[in-house]
Every structure is written in structure tokens, then in C-alpha cells.
Amino acid sequence: MQQVARRGIHFMRRLHGANIPEDMIVEGQNRVIDASLTLIREKAKLKGELVRALGGAKATSALLGIPLGHNSSFLQGPAFAPPRIREAMWCGSTNATTEGGKEIDNPRVLTDVGDLPVQEIRDCGVDDDILMNIISQSVKLVMEEEPLRPMVLGGDHSISYPVVRAVSEKLGGPIDILHLDAHPDIYHEFEGNKYSHASSFARIMEGGYARRLLQVGIRSINSEGREQGKKFGVEQFEMRTYSQDRHYLENLKLGEGVKGVYVSIDVDCLDPAFAPGVSHFEPGGLSFRDVLNILHNLHGDIVAADVVEFNPQRDTVDGMTAMVAAKLVRELSAVMSK
Ligand SMILES: [Mn+2]
């Protein structure tokens, strides 16, 4: 609890419950958790009914915001990202048609179940062991509603662990993961935090939720990152060899023989010239077109995805990175929906 409070974003205060019976606190927390999950369940149900009433689809991208930033090792601004991404998606500066011709204002292509109220839950003193389970439950609630598939808006990268866990558990087996990032995020733990945004893929691989993990865009990796990668059989594609790997990565075929493909995009996979609104500037990254080429040519059934680590507190005043994150969500939704 003390640890959580220390890491909390600035308006989070400790729950002053030291001399209060614990069961009273826990009962109150459970009511807030139930209400939070009821919100997601009912919104997913409504949006699922709507999509089906409109004629249905095989797969519809369903935005689910997870505004969590406290597991970042540096800045916590990703907690504020989901509303900024939505604002950019619908701001009117561009039309609703994706590059491949899908209309994102068609609910059969893209719908929205809102944000899990992460900060409200944490404000009640709920710790991360429980919070991670709540995130997993929210993802499963979206997947309950055919044909909705979770398109998760982070949030820092720590959320990918409970999201991937939920997807794999719900589908009943491992998936292949395409992970675009400057960093492998595979430390056993970081600064004592096993839920750190720098450790999410260690948790995913330990849990057996992925058959293949392809990490693309890597350009900040130390010996532990390489050792952990080797230990878990991760396919790490580093930027320094991108020109040789490009053809392979722009023609990927994933997810056959497993339950599908999960795509996790850390906005810092992009060169900071394209996306300055991130916590960790790491020059020498992918161009926006590189990322689109990879996504547009990906062969596989995308069962869920996330776009994480956009930090509005580092963005340009006119929100350039919000638009970059929004376009990633739009184009990824177009590839996922069918
Ligand atoms: Mn990163």
C-alpha cells in the first residue's frame, strides 16, 4: 500500500484507513470494483447488441481504455492517454476512412466500451495484485460479446500482461504476439516492481500465454534484455538490422496453429521525430510508414491489440502524437475488423 501510494500519480492520496477494520475497507473496495466491472459489462453488452442489430460482423474492434500510469519507471502521463486518443480520432481534421477503405464510424468496424475507471479503483486503496485481475476481467467481459475484440488504449505497458493473460485464458490457449517497441520490456522485475512496464513480457512468457513473441523496433536493450529474450525464445528484431529484416517483417504470417495474433504497439517504437509524446525518447526508430507496412501486410487473425505508452504530458501543444496514436488505433482496427 505504501509502495503504491509512493508510485501514485500526483492526485492519488493514501487511503487513511490505518485504524479501520480491514473487512470494512475490503467490502467497500469490492463494491467499487463490482460497479466498475458492471459499467464495462453493460457498455460491452449494449455495443455488442448494436453491432449484431446492424447486421453483425466477424470481428469488431472495441476500444477499451485502461488509464493506468503508475507502473512506469519514469513518467506517469500515459494514465491520461485514452481520452486524448479518442479526441484525436474524432476531431474532424480527417475523414473516417482508413487507408484500406474501412469506415471507422461504422460500429461494425469500430465501437467503444469506454474506460475502466482505474484511478477510481486505486483511490480506494486497491493494490496491483487485485487491479491486474480487474483489468483481466474487463477484457474478458468485452470478449463475452461477439463479435467484439478488445482494442486496448493504454496506459503504460504494464497493462499488456493482464490483457494478454485474459485473451489467452478466454480463448483457451497461447497466441502469437507481435510487439512493436524500442524496448523489450522483459526484465524479471524493475526497481522491485514485478508489474513494471519494463517487465510485462517476462510475466507473459512465464505464464505461457504466447507461443511466439516477435519484438520489432528494439534499440534499447542491455544484457539482461538479451538473456531474458534467449531464455524465453523471443524473436528480437533490432533496429540496427532493420534494413535486412524489413522484407520478412513486412510479410508476416502469424497465429496459425494457435488461438490467433495479439498486436502490442508501444508508441515509442516510432522514432521520436514521428512521435515526441512518449516518456522514453529513443532515437533511431521506425517510421510511421514502416509500422503501417508491417500492420497492413500482416496475415493472421488479430484477436486483440493494444496501443500503449502515449504520454500526453510530453506531446506537442497541438497534440501531434495523439494523432499518431489515433491513426495507429484506426489502422490496427481496420486490420482487426472483418
Ligand atoms: Mn518502449
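The rules behind each value
- Numbers given to residues run from 1 along each chain, matching the order in which its sequence is written.
- It should be noted that, the model being predicted, local features are given only for residues of pLDDT at least 70 and side-chain atom pairs only at 80 or more, the latter also being counted only at that level, while totals for whole chains, interfaces and linings use all residues.
- Helix numbering and strand numbering both begin at the N terminus, where a helix is a DSSP run of H or I of at least 4 residues and a strand a DSSP run of E of at least 2.
- Three exposure classes are used, all based on how many other C-beta atoms lie within 10 Å of a residue's own C-beta (placed from the backbone): buried at 20 or more, exposed at 12 or fewer, and partly exposed between those limits.
- Placing a C-beta atom from the backbone of each residue, one calls two residues in contact when those atoms lie within 7 Å.
- Pairs of strands are assigned from DSSP output, requiring at least two bridges between the strands.
- For the handedness criterion, the strands are oriented away from the viewer, and a crossover whose path from the first strand over the helix to the second runs clockwise is classed as right-handed.
- The span one expects for a helix is its residue count, reduced by one, times 1.5 Å.
- By definition, a nonpolar core groups buried Ala, Val, Leu, Ile, Met, Phe, Trp, Tyr and Cys residues that connect through C-beta atoms lying within 7 Å of each other.
- UniProt positions are given in the numbering used here, feature names are shortened, and annotations may be inferred rather than shown by experiment.
- Between N-to-C directions, angles cover 0 to 180 degrees, with each direction set by a line fitted to C-alpha atoms, over the stretch in contact for helices.

## Comments concerning the overall build of the protein chain
Within the protein chain, the regular secondary structure consists of 11 helices and 8 strands. When the backbone C-alpha atoms are referred to their principal axes, the protein chain occupies close to 60 × 55 × 45 Å. Here the protein chain holds 338 residues, and the buried ones make up 51% of them. Within the protein chain, counting contacts between residues at least 6 apart in sequence, those at least 24 apart form 79% of the total.

## Re the pairing of strand S8 (residues 302-308)
Along S8, 7 of the 7 residues are buried, which leaves the element largely enclosed by surrounding structure. When strand S3 (residues 148-154) meets S8, the two strands line up parallel, connected through 3 bridges. Within S8, the residue paired with Leu 153 across the bridge is Val 307. Both strand S7 (residues 261-266) and S8 contribute to a ladder of 6 bridges, which runs parallel. What sits directly across from Tyr 262, in S8, is Ala 304. A crossover links S7 with its parallel partner S8, the connecting element being helix H10 (residues 288-296), and its sense is right-handed.

## Some details on unusual backbone geometry
The omega angle of the peptide bond from Glu 146 to Pro 147 is 0°, so this bond is cis rather than trans. Note that the residue after Gly 154, namely Gly 155, is joined by a cis bond; omega there is 10°. Relative to the assigned elements, Gly 155 resides in the loop between S3 and helix H6 (160-171). Unusually for a residue other than glycine, Glu 191 sits at a positive phi of about 50°. When you line up the elements, Glu 191 lands in the loop between strand S4 (175-180) and helix H7 (200-206). Backbone geometry at Glu 309 places phi at a positive 70°, although glycine is not the residue there.

## Regarding helix H2 (residues 22-53)
Here H2 is 32 residues long and its end C-alpha atoms lie 46 Å apart, about the 46 Å a rise of 1.5 Å per residue gives. For H2, the set of buried residues is Ile 33, Ser 36, Ile 40, Lys 43, Ala 44, Lys 47, Gly 48 and Val 51. On its buried face, H2 sits against strand S1 (60-66), strand S2 (110-115), helix H4 (118-122), helix H5 (128-144) and S3.

## Examining the nonpolar core
Among the nonpolar cores identified, the biggest contains 89 residues, and Leu 64, Ile 85, Tyr 262, Ala 325, Val 329 and Leu 332 are the most heavily contacted of them. Here this core takes 11 residues from helix H11 (residues 320-336), the largest share from any one element. Those residues in contact with Leu 332 that lie beyond four places of it in its chain are Met 151, Val 263, Leu 295, Ala 305 and Val 307.

## A short note on the UniProt feature "binding site: Mn(2+)" (unreviewed entry) in the protein chain
Under the present numbering, the feature "binding site: Mn(2+)" (unreviewed entry) in UniProt falls on His 157, Asp 181, His 183, Asp 185, Asp 266 and Asp 268. Look at the named residues: they lie 112 residues apart in sequence, but the longest C-alpha span between them is just 12.1 Å, so in the fold they bunch up. Position of Asp 181 relative to the elements: it lies in the loop between S4 and H7. Not counting the four nearest positions on each side in its chain, Asp 181 is found in contact with Gln 215, Gly 217, Ile 218, Asp 266, Asp 268 and Cys 269. With respect to the secondary-structure elements, Asp 268 resides in the loop between S7 and H10.

## Brief notes about the sheet that holds S4
Sheet architecture is open: 8 strands sit in the order S2-S1-S3-S8-S7-S4-S5-S6, paired in parallel fashion. Looking at strand neighbours, the two that pair on one side only are S2 and strand S6 (235-238), the edges of this open sheet. With direction set aside, neighbouring strand axes in the sheet form an average angle of 15°. Along the sheet, H6 contacts S3, S4, S7 and S8; its crossing angle with S8, the most-contacted strand, is approximately 175°.

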